[in-house]
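Chain by chain, the residues:
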Amino acid sequence: MMEEEVVIVGAGIAGLATGVALQRLGIRALILEKSQGLRATGAALTLTSNAWLALDALGVAHKLSPLYAPLKTGFVTDVATGATQTISHAGAGKDGPRTVHRKTLLEALAGELPIGVIRFSSHIDAIETQLQDGSPIPVIHLSDGTVIKSKILVGCDGVHSIVARWLGLGAPVNSGRSAVRGLAVFPDGHGLNLQESRQFVGVGLRAGFIPLSDKDAYWGLTCLSSPKGEIMAAEPEVIQREVQENYVKDFPEIYKEMIRHCDFSTLTWAPLMFRYPWDILFGNLRKGNVTVAGDAMHPMTPDLGQGGCAALEDAVVLGRHIGNSLIKNGGLIPGKIGQDLDGYVQERKWRVSWLVTGSYFSGWIQQGGSNRWMKFLRYVFYKYLFTRIVGAVDYDCGKLPSVPFTSELGSSKRTE
Ligand SMILES: Cc1cc2nc3c(=O)[nH]c(=O)nc-3n(C[C@H](O)[C@H](O)[C@H](O)COP(=O)(O)OP(=O)(O)OC[C@H]3O[C@@H](n4cnc5c(N)ncnc54)[C@H](O)[C@@H]3O)c2cc1C
């Protein structure tokens, strides 16, 4: 049986960022990832000021911010009427948000970790606990037969988290909407302003694009789910045709261009899931020395673009509480870690429940249809509420503590 100080399940944004946070504290965490390499599903994502503060606390922001221009202005067009509202992205935070390639973000985080810390092709099948010195210790079973004992287990294994299920959290629910996302590539340049985003709102439909560089742009579309969506999930040509023929026929040419220039290797169609906020507030986010972060804790619809940002915040807050445990106790003491993990849960649960709720509400308003009432609500939303809701991103999750000593936490052991 292998023994580790900390095991993280999943090498997505949450898992890698948590690994980096612990690395900064001198704690080596083993990250178990079921895929053969880093998965950049979704092509790109927008990171708002809260995420940049978290990335700064992790010592990674400087690697990414020079690569991407901050967004300043957005244009939201009602497809039926052609009316366009202008919104300011600079409302929250000093700088506007930046949209980054997922692959670049994941590689920037992974680049901060020592070689060998991420173990690919490692699928977690089951979790149990064993008593060690009177304290329950997580024991993780991999599908290749490997068994790992760890003082702390952090589930960063996404929406369908095995760790969340083990904790007894309510299952994520399908919002009844789906998202299509991809990159559009223009080898000769697209000529768009890198600081402007475009959104198009139709009946039950919301779409948009954001240029990432002079030669590529991230585009996406959320729509009411159709049963066909599931079938199409693996076939990019079919997704492209379905979007062109059944969703964006009446859209301006500039949007159709995005879809024509789609890089098939990045094109995905997926249902939008979320966890009820009351399951987060009143559910078990920690049991013994096991907890969750990122989508494993708080899957949310993407309407505020906060799932990944919140995962970065989680990593810093969790790192701070584990770091404080280390400082207080002179090491990670299994019987004492639980109360520090509780501190993490208490600090996170209200904030992420609010983000889940705000995201759902925002999606409902923006995609809710074209009757006069919904149009009025949408007008009010963009005119008066948008900046306030987006204000939730103006949040500083704080820093990591500095650990005044180096402990022998970097090694893993093998015992029988
Ligand atoms: C359409 C859409 C648009 C979005 N836009 C934005 C945005 O603009 N800004 C933003 O901040 N967020 C956005 N999000 C949300 C964001 O994508 C997620 O919140 C974020 O990717 C969650 O990261 P994670 O690390 O928690 O989970 P994931 O990225 O899902 O990573 C989980 C990892 O765990 C691995 N794993 C799963 N099970 C196991 C297992 N049993 N054993 C081992 N490994 C396992 C998986 O392979 C995966 O690599 C969007 C989401 C969607 C759907």
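Computed from a prediction, not measured in an experiment: that's the story for all the values here.

Participant: Even after reading the chapter, I still don't get empty space enclosed by the protein, so can you show me in this structure?
Facilitator: Unoccupied space between atoms shows up once a probe the size of one water molecule is rolled over them. A complete count under the given rule lists one cavity of 30 Å³ or more for this structure. Counted as a void, the largest cavity has a volume near 40 Å³. For the largest cavity, the full set of lining residues is Tyr68, Ala69, Thr99, Leu194, Ile210, Pro211 and Leu212. Within the lining of the largest cavity, the residues separate by chemical class into six nonpolar, one polar and no charged.

Participant: What's the story with the domain arrangement of the protein chain in this structure? I'm lost.
Facilitator: Where the parts come together, the accessible area they lose is often given as the size of the interface. Assigned domains within the protein chain: domain 1 (2-172 + 275-414) and domain 2 (175-273). For domain 1 and domain 2, the distance between their C-alpha centres works out to 25 Å. Each partner contributes to the roughly 2,800 Å² buried at the junction of domain 1 and domain 2, and carbon and sulfur atoms together form 58% of this total. The interface formed by domain 1 and domain 2 includes two salt bridges. In this structure, aspartate 303 engages arginine 177 in a salt bridge whose closest nitrogen and oxygen atoms are separated by 2.7 Å. If you look at where domain 1 meets domain 2, you find 14 residue pairs in polar contact (both at pLDDT 80 or more). When residues of the side of domain 1 that touches domain 2 are traced back to their parent elements, those giving at least two are β3 (44-47), β4 (73-78), β6 (98-101), α11 (334-367) and α12 (372-390). Of all the elements, β4 adds the most residues to the side of domain 1 that touches domain 2, at six residues. Residues of the side of domain 1 that touches domain 2, tallied by class, amount to 16 nonpolar, 16 polar and five charged.

Participant: Could you clarify how one ought to interpret the site of the ligand in this entry?
Facilitator: In the vicinity of the ligand there are 31 residues, among which Glu33, Thr46, Arg102, Asp295 and Cys309 approach most closely. Interatomic distance of 3.2 Å between a side-chain N/O atom of arginine 39 and an oxygen atom of the ligand. Protein chains bury 88% of the 1,000 Å² of accessible surface belonging to the ligand in isolation. Here the shell around the ligand gets three residues from one element, more than from any other, and that element is helix α10 (residues 307-329). Its residues assigned to classes, the shell around the ligand comprises 12 nonpolar, 12 polar and seven charged.

The rules behind the values
Residues numbered from 1 in each chain as written. Predicted model: local features only at pLDDT ≥ 70, side-chain atom pairs only at ≥ 80, totals over all residues. Heavy atoms only, no water. 1 Å grid on protein atoms, 1.4 Å probe; cavity = no way out; pocket = protein on both sides within 12 Å on 5 of 7 lines; lining within 4 Å. Points joined across faces, edges and corners; volume = space filled by probe spheres on them. Nonpolar A, V, L, I, M, F, W, Y, C, P; charged D, E, K, R; others polar. Domains from an automatic or database assignment. Buried area = accessible area lost by both parts, 1.4 Å probe. Salt bridge = Lys/Arg side-chain N within 4 Å of Asp/Glu carboxyl O. Polar contact = N/O pair within 3.5 Å; in protein donor to acceptor, adjacent residues only side chain to side chain. Helix = DSSP H or I, 4+ residues; strand = E, 2+ residues; numbered from the N terminus. Near = heavy atom within 4 Å. Areas by Shrake-Rupley, 256 points an atom, 1.4 Å probe, with all protein chains shown as cover.

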